[in-house]
Amino acid sequence: MTPPTRQRLRLKGGTELSFLVAGEPSKPAVVLVHGFPNAARMFETVMSELSDEAYLIAPDLPAYGESDPLPSPSLSGFGEAIAELLDRLDVGPRYLYVHDFGAAATLHMAMQAPDLVRGLIIQNANAHRTGFGPLWENSLEFWAHPTPENTAEVMSVLSLKGMRDQYVMGVPPEVAAQIPAAEWEEDWRVMNLPGRLDTQRVLLSDYGRYAERFDEIAEYLKSYQPPALLL
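The present account deals with the structure reproduced in this document. Treat the numbers as computed from the prediction; the structure is a model and nothing was measured.

Digging into the environment of Glu174
Looking at where Glu174 falls in the secondary structure, it is placed in helix α7 (residues 173-176). Residues Glu174 and Glu149, 25 residues apart in the sequence, show an inter-C-alpha distance of 35 Å.

See the structure below:
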């Protein structure tokens, strides 16, 4: 069991991507992609635990953690960035962790190279319209008919309170009390670096375009039926 190490790689478009790796490349590859508003650091403990069993790669998505923003950010562009990282690391067949905002990037990558997907590990990821519960009503209206009012409501998540809510909203108080404020404070610090908030505003809009691909994703899952672990 060994802790992950951090590395950096410059993509062909010039963006520097930061990522964590653990384990030996000869082991089965597992790609861990974080969601909003986190970074690869959320996987440090599990990467150490699994380092004897797997080769683990966890990128900081562009404009998250220690990675630079993309010149033209999009969730599919994130998928292309991860795919380039894996190609440069000579990673072949892989298991993909599908989670939160990262699901859009990871599933895009999976559909681009389905024969390289050994399986999916799915946790808190949406790829179906039934995943849009009451909390998504403002977002659905924003994507369909943006107004100053619903735009402001959706963008309100881009605040220190919004960062905190990602960790503690709906969590039992005794559990929330164990989550250090340093987690969301670090997310908010990163989001205030140059170009980061602009990226987040684009992504909040772009997620609507991801939702438009749900039928395409369903067809991929039906056609290829990758083995899946749902958490």
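Details of the side chain of Glu84
Its place among the elements puts Glu84 in helix α2 (residues 75-88). A polar atom in the side chain of Glu84 sits 2.8 Å from the backbone nitrogen of Lys12. Setting aside anything within four residues of it in sequence, one finds Glu84 in contact with Leu11 and Lys12.

Re the packing of helix α8 (residues 182-191) against helix α9 (residues 196-211)
Taken N-terminus to C-terminus, the directions of α8 and α9 make an angle of 100°; their axes are 7 Å apart at the nearest point. When the axes of α8 and α9 are compared, the pair comes out roughly perpendicular. Residue-level inspection shows Trp188, Val190 and Met191 of α8 in contact with α9, the latter providing Arg196, Leu197 and Gln200. Of the residues that constitute the contact of α8 with α9, the class distribution is four nonpolar, one polar and one charged.

Reading the values: rules and limits
- Residues numbered from 1 in each chain as written.
- Predicted model: local features only at pLDDT ≥ 70, side-chain atom pairs only at ≥ 80, totals over all residues.
- Heavy atoms only, no water.
- Helix = DSSP H or I, 4+ residues; strand = E, 2+ residues; numbered from the N terminus.
- Polar contact = N/O pair within 3.5 Å; in protein donor to acceptor, adjacent residues only side chain to side chain.
- Contact = heavy atoms within 4.5 Å.
- Axes fitted to C-alpha atoms, helices over the stretch in contact; angles between N-to-C directions.
- Parallel < 35°, antiparallel > 145°, perpendicular 65-115°, else oblique.
- Nonpolar A, V, L, I, M, F, W, Y, C, P; charged D, E, K, R; others polar.

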